[in-house]
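Survey of secondary and tertiary structure
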Protein chains: 2
Amino acid sequence: MITKTKLNRKQQIIEKATQLFQKQGYAATSMRDLASYIGIEAASLYSHIKSKEEILQTICFQMANDFFQSLEQIELEKLSADEKLKRAVKSHVIVLTKDSAASAVFFSEWRHLSEPYLKDFLSMRNNYENKFIQILIDGYKEGVFKKMDAKFTVLALLSSINWMPSWYKPEGKLSPEEIAKNVTDVFINGLKIRS
Amino acid sequence: MITKTKLNRKQQIIEKATQLFQKQGYAATSMRDLASYIGIEAASLYSHIKSKEEILQTICFQMANDFFQSLEQIELEKLSADEKLKRAVKSHVIVLTKDSAASAVFFSEWRHLSEPYLKDFLSMRNNYENKFIQILIDGYKEGVFKKMDAKFTVLALLSSINWMPSWYKPEGKLSPEEIAKNVTDVFINGLKIRS
DNA sequence: ATTTCCCTAACGAACGTTTGTTTATTATAT
DNA sequence: ATATAATAAACAAACGTTCGTTAGGGAAAT
C-alpha cells in the first residue's frame, strides 16, 4: 500500500501543521518544529510536500471550498430571507466546527499566502460575504428585515461566528446546531420586524 | 531637548511596529524590517528599546489598560442593565477605534508574549469578559434580558466588535458612536423582552 | 572663551542560532 | 530489483541581538 502510506503521511503532516499553525501561527512554526512533532526529520517532510507554504495553501483553500459549497447548496432552495439566513448560518457553523483548527488557520493565517494565491483567496472571501449581504438585502425588500447597513451587519454576524474556533471545543456542551441557533436567535430576532 | 528627541523616537518605533505587526504579524516582522521603515539601522533600535518583545508588551498592555479603565468607569454608575450594556459597548468601540492598528495587534498577537506576561494578559482579558457577563446576568435578574447563555453571548458580542480593526478605516462613513449604536441595536433588540 | 567631559543616538560588523530547502545516500518495503 | 521514504549533512539567507566605535551637542571646569 504505497499510495496509502504516503497519503496518510501527507495527511498527518497537514493535520499536525494545522494544529501548530493555530497554536503558534504560521510564521512562528518551523519545519523542524513540525517534523519533530511527527517524529521524523525536517528534510523528510519534503518527500511529501513541496514547500511550507503549500501546506498553508492546502488548508486555506480546502476550507474555502467547504464554505463555498455549503452556501451554494442553500442558494438553490426557495426560502424566505430569514429562513435562508438561518440555514446559511447553520451551514457555516457546521463547516467551521467540523475542523475548528483548520478554520482558525483559515481565518487568521491567510495573509501569509503569496501571490497569486492571496488574490484568489480574498476574492473568494469577498464573494462569500456578498452572498450573505444579498440575503439581508432580499430580506429587507421582502419586508422581513429592518432597514440596516447590510455589509456592516454581515461582517458583525460572520465575525461573531468566526471567532469561535479560538474557544470552541468539540467536547463542550454546545453542539454546532445549538451554536447556530443561539447566534441566529440573537441576530434574527433583533433584525426581524415585529408585527 | 535630549529627552524629547528620545521619547519621540521611541514612540515612532512603537507606532511603526504597530503598523507592521498588524499587517504582517509579529513573528513575520523583523527588526531590520522595522528599522528600514524608520530609516535607521536595526542595531540603532536598541538605543531605545530593550527587545522586540518589549515592543509587543508595550502595545498589548497599553491597550489592556485602556479597555479596563473605560469599563471600570461605567461600573460606578447606577444604570439599568441594558443602558449599562449600551454604554459598555460604546466605550469599548471608542477605545478600539482610537487606535485600530494597536487594537488589531492586541487581539491577534498576544500569543507571542512570553511568561509571565502571557498569564497576566489572559487573566486581564478573562476579567474583562466577566464584567460583561455580569451585566447580562444582572439584566436577566432584572427582567430586562431573555434567558440565555451569558458567556456565549458575550463572546459573540465582543467578537463581532473585535473583528472590526481588520476593516475599520477612520475616514469611513461610520463614526465610532454609530458603530456602537449599530451593534447594540442588533444585540439589544434581540435580547430585550418585548412587552 | 576654550577645553574637557559625558551622554545620546546612530553606525558597521559580527555574534551564534535558526530559517526553509536541497543533495546525496541509505534503509525499507513490495 | 525497484520504488519509496527516511536520513545526515550541508546550503545560503535571515534572524534577534551585542559589540566597539564615532559623531555631535550640552554641561562643567579651566
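Residues numbered from 1 in each chain as written. Chains lettered and ligands numbered in written order. Predicted model: local features only at pLDDT ≥ 70, side-chain atom pairs only at ≥ 80, totals over all residues. Heavy atoms only, no water.

Bringing the packing of aromatic side chains into the picture now. Counted under the stated rule, the structure contains 24 aromatic pairs over all chains. Ring centres 5.4 Å apart and planes at 35 degrees place the aromatic pair A:F67 and A:F106 in the tilted group. Within this pair, whereas A:F67 is found in helix α4 (residues 52-76), its partner A:F106 is found in helix α6 (residues 100-108), the two being separated by 39 residues in sequence. Overall, the relative accessible area of 3% leaves A:F67 in the buried class. Both rings, one in B:F106 and one in B:F107, keep their centres 5.0 Å apart while their planes meet at 70 degrees; by these two values the pair is edge-to-face. You'll find B:F106 and B:F107 in the same group, each marked buried. One aromatic cluster is present, built from ring pairs that chain together A:F61, A:F67, A:F68, A:F106, A:F107, A:W110, A:Y117, A:F121, A:Y128 and A:F132. (Phe/Tyr/Trp six-rings, centres within 6.5 Å; stacked < 30°, edge-to-face > 60°. Helix = DSSP H or I, 4+ residues; strand = E, 2+ residues; numbered from the N terminus. Buried < 20%, exposed > 50% of the residue type's maximum accessible area, 1.4 Å probe, protein only.)

Now for the domain arrangement of chain A. Residues and elements named next belong to chain A. Segmentation of chain A into domains returns domain 1 (1-49) and domain 2 (57-191). Taking only C-alpha atoms into account, the centre of domain 1 sits 29 Å from that of domain 2. Between domain 1 and domain 2, the contact holds seven residues from the first and ten residues from the second. Carbon and sulfur atoms make up 74% of the area that domain 1 and domain 2 hide from each other, which totals about 700 Å². Contact with domain 2 buries area across many residues of domain 1, yet T18, Q22 and Y26 alone supply 62% of it, more than any other trio. Linking domain 1 to domain 2 there are zero salt bridges. Between the two partners, domain 1 and domain 2, sit two residue pairs in polar contact (both at pLDDT 80 or more). (Domains from an automatic or database assignment. Contact = heavy atoms within 4.5 Å. Buried area = accessible area lost by both parts, 1.4 Å probe. Salt bridge = Lys/Arg side-chain N within 4 Å of Asp/Glu carboxyl O. Polar contact = N/O pair within 3.5 Å; in protein donor to acceptor, adjacent residues only side chain to side chain.)

Here the focus is the relation of the copies chain B and chain A. Screw-axis analysis of chain B against chain A gives a translation of 0.0 Å along the axis, an RMSD of 0.0 Å, and a rotation angle of 180 degrees. The relationship between the two copies is best expressed as a two-fold rotation axis. A shared binding surface is used by both copies, with 100% of the interface residues of chain B retained as interface residues in chain A. (Least-squares fit on C-alpha atoms with pLDDT ≥ 70 in both.)

Glancing now at the nonpolar core. Core analysis: the biggest nonpolar cluster contains 123 residues, and A:F132 and B:F132 have the highest contact counts within it. Excluding residues that lie within four positions of it along the chain, A:F132 makes contacts with A:L71, A:L85, A:A88, A:V89, A:V154, A:L157 and A:L158. (Core = buried A, V, L, I, M, F, W, Y, C linked by side-chain atoms within 4.5 Å.)

All names here are of chain A. For the pair α4 and α6, the least separation of the axes is 9 Å and the interaxial angle reads 100 degrees. The angle between α4 and α6 falls in the class roughly perpendicular. Between α4, through L56, I59, C60, M63, A64 and F67, and α6, the contact on the second element is made entirely by A102, S103, V105, F106 and F107. (Axes fitted to C-alpha atoms, helices over the stretch in contact; angles between N-to-C directions. Parallel < 35°, antiparallel > 145°, perpendicular 65-115°, else oblique.)

Under the criterion given, the structure shown has 14 salt bridges over all chains. A salt bridge links A:R111 to B:E109, with the shortest nitrogen-to-oxygen separation between them at 2.9 Å. Here B:E109 lies in the loop between α6 (100-108) and α7 (117-141) and A:R111 lies in the loop between α6 and α7 (117-141), a pairing that spans two chains. Overall, B:E109 belongs to the buried group, its relative accessible area being 3%.

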